[in-house]
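Report on the structure
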Amino acid sequence: MKNFFNKKTITIILGVLITYAVLFGLISANVINSYYKGIITFSLINIILAVSLNLIVGFTGQLCLGHAGFMSIGAYISALMSQKAGMPFVASIFIGAMIACIFAALIGYPTLKLTGDYFAITTLAFGEIIRIIIMNINVVGGARGFTGIPIKTTFTVAFIFMVLSIIVIKNIINSSQGRAMLSVRENEIAAESMGINAFKYKMMAFIIAAFFAGLAGGLYAHYAGYIKPDSFDFNKSIDYLTFVVFGGMGSLSGSVIAATVLTFLPELLRSMGDFRMIIYPLALILLMIFRPEGLFGDKEVSLNIIKNIFPNKKSKDRKEA
C-alpha cells in the first residue's frame, strides 16, 4: 500500500479524475454537443483496442492484422445476448469478450508457431473469415446488419472500461509475465535459451488482447445500436495497427494519444472535403519518414518530459555549476 500511494500514482489518479470531471462537466453543460460526445466515446473505445493490440505488436513483437475480427465477435455475441436473451449489459459484454478469447486460443494455437509475415497473413485471413461467416448468419441480420441493440454504453461507462483496461494491461506488462513477453520481442531465440517458453507468452498476449478487443466490441455495439459486418473489415484492423505504430510500439501512453488524435483528425478535417483524404495519409507518411519509431517509441509520458521542457531554477543552476 505504501508503494501504491506514491507521488507518481497519486498524480496519475488525479489526472484521470480531473480529465473525467472536465469532460463530463462540458458534456452535461452542452458545451460539447452530442456529435462530439459520440466522437469522444468512440475514441475511448479505440483506446482499448489500441492498447490491447499494442500488447501483441509492441510488447510481444507479433504482427496481428485481425484485431477487428475479435472486436466483431465481442460486438455480435454481446448484442445477441442482450437483445435476444435479455442478459444484463455488463454480463453480455464479458461473455462476448470470453468468446473472443476462445476463438483467439483456437486460432492462436496453430498460428503462433508461425512468425513474421506468415502470422500476419493468417490473422488477416481469420478476420475476413469471421466477417464472411457473420454476413451469412440471418439471426444477426446477415449483410443487412444487426439492428435494435439496446443503447447502454455511455461516456462514463466507456471511460471506466478504458481506464480499467489500461490499468490491467499496464500491470501485466510490469509483471514477470510482461518482462517475459518483452524478452520474446527482443530476441525469441535468446529468450528460449534462458528457459522462457516463447509460445506460451505469445499465446497469453494474444488471448488477453482478444479479450479486450471483444470487450471494446461489446461497448461499440451497445453505443451504436446498429452493427454490420463491413464495420469490422480489414481496413478497421489496419486503423488499429496505425494507432499503435503512430503512438509507438511499446508505449501505452503513445497508443492512448494516437487513438485519440487519429479518431478526431478525420472529423476535424471533414470541412476540407476530399482534401482530408490526402492530409491524413500524408501526415502518417511524414511521421514514418521523420519518426519511424512513432511519437513516443517505447517510452511512456511522464513528468520528466515536463521537467526537461521547463527545468526549474535549482536544476538549471546545478547544470551551470
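Values in this document were obtained by computation on a predicted structure and should not be read as measured data.

Further remarks concern the overall build of the chain. Across its full length, the chain holds 14 helices and zero strands. Of the regular secondary structure in the chain, the N- to C-terminal order runs α-α-α-α-α-α-α-α-α-α-α-α-α-α. Over its C-alpha trace the chain gives a radius of gyration of 21 Å, about what one expects of a compact globule, namely 20 Å for 321 residues. When the backbone C-alpha atoms are referred to their principal axes, the chain occupies close to 75 × 60 × 50 Å. Within the span of the chain, comprising 321 residues, buried residues form 43% of the whole. Taking contacts inside the chain between residues at least 6 apart in sequence as the whole, the part at least 24 apart equals 79%. Total accessible area computed for the chain in this model is approximately 16,700 Å², and 68% of it derives from carbon and sulfur atoms.

Looking now at the side chain of T111. Considering the arrangement of structural elements, one finds T111 in helix 4 (residues 89-111). Assessed through its relative accessible area of 8%, T111 is described here as buried. In this structure the side chain of T111 is engaged in a polar contact, spanning 2.6 Å, whose partner is the backbone oxygen of I107. Beyond its immediate stretch of four places on either side in the chain, T111 contacts F119 and T122.

This brings us to helix 10 (residues 234-247). Its 14 residues give helix 10 an end-to-end C-alpha distance of 20 Å, which sits within 8% of 20 Å, the value for a rise of 1.5 Å per residue. Every buried residue of helix 10 is listed here: S237, Y240, L241, T242, F243, V244, F246 and G247. In the stretch just after helix 10, G248 is the one whose phi turns positive, near 120 degrees.

Scanning all chains against the criterion turns up four salt bridges. Taking the shortest distance from any N to any O, the salt bridge between R131 and E128 comes out at 2.8 Å. Of the two residues, R131 and E128 both sit in helix 5 (residues 117-135), three residues apart, roughly one turn of that helix. By relative accessible area, R131 is classed as buried at 16%. Put simply, D230 and R131 hold a salt bridge, and the shortest N to O gap is 3.4 Å.

With respect to the secondary-structure elements, T41 resides in helix 2 (residues 34-57). When the C-alpha atoms of T41 and T154 are compared, they prove to be 7.5 Å apart, with 113 residues separating the residues in sequence. Contact partners of T41, with chain neighbours within four places excluded, come to T154, F155, A158 and Y223. There is a polar contact of 2.9 Å between the side chain of T41 and the backbone oxygen of K37.

Moving on, we get to the confidence of the model for the chain. On average, residues of the chain score 85 in pLDDT, and 90% of them reach the 70 mark or higher. In this model residues 305-310 is a low-confidence stretch, pLDDT under 50, and it forms one contact with partners more than four residues away in sequence or in other chains.

With 82 residues, the main nonpolar core has L53, L55, F70, F146, F206, I227 and F232 as its most contacted residues. Looking at this core element by element, the count peaks at 15 residues for helix 9 (residues 198-224). Filtering out sequence-adjacent residues up to four positions away, L55 remains in contact with T60, I169, I173, M181, A205, I208 and A209.

Moving on, we get to the environment of A125. For A125, the position within the fold is in helix 5. Its relative accessible area of 33% is what places A125 among the partly exposed residues. Residues A125 and M162, 37 residues apart in the sequence, show an inter-C-alpha distance of 28 Å.

Thresholds applied
Residues numbered from 1 in each chain as written. Predicted model: local features only at pLDDT ≥ 70, side-chain atom pairs only at ≥ 80, totals over all residues. Heavy atoms only, no water. Helix = DSSP H or I, 4+ residues; strand = E, 2+ residues; numbered from the N terminus. Rg over C-alpha atoms; globule rule 2.2 N^0.38 Å. Buried < 20%, exposed > 50% of the residue type's maximum accessible area, 1.4 Å probe, protein only. Contact = heavy atoms within 4.5 Å. Areas by Shrake-Rupley, 256 points an atom, 1.4 Å probe, with all protein chains shown as cover. Polar contact = N/O pair within 3.5 Å; in protein donor to acceptor, adjacent residues only side chain to side chain. Expected span 1.5 Å × (residues − 1). Salt bridge = Lys/Arg side-chain N within 4 Å of Asp/Glu carboxyl O. pLDDT = per-residue confidence, 0-100. Core = buried A, V, L, I, M, F, W, Y, C linked by side-chain atoms within 4.5 Å.

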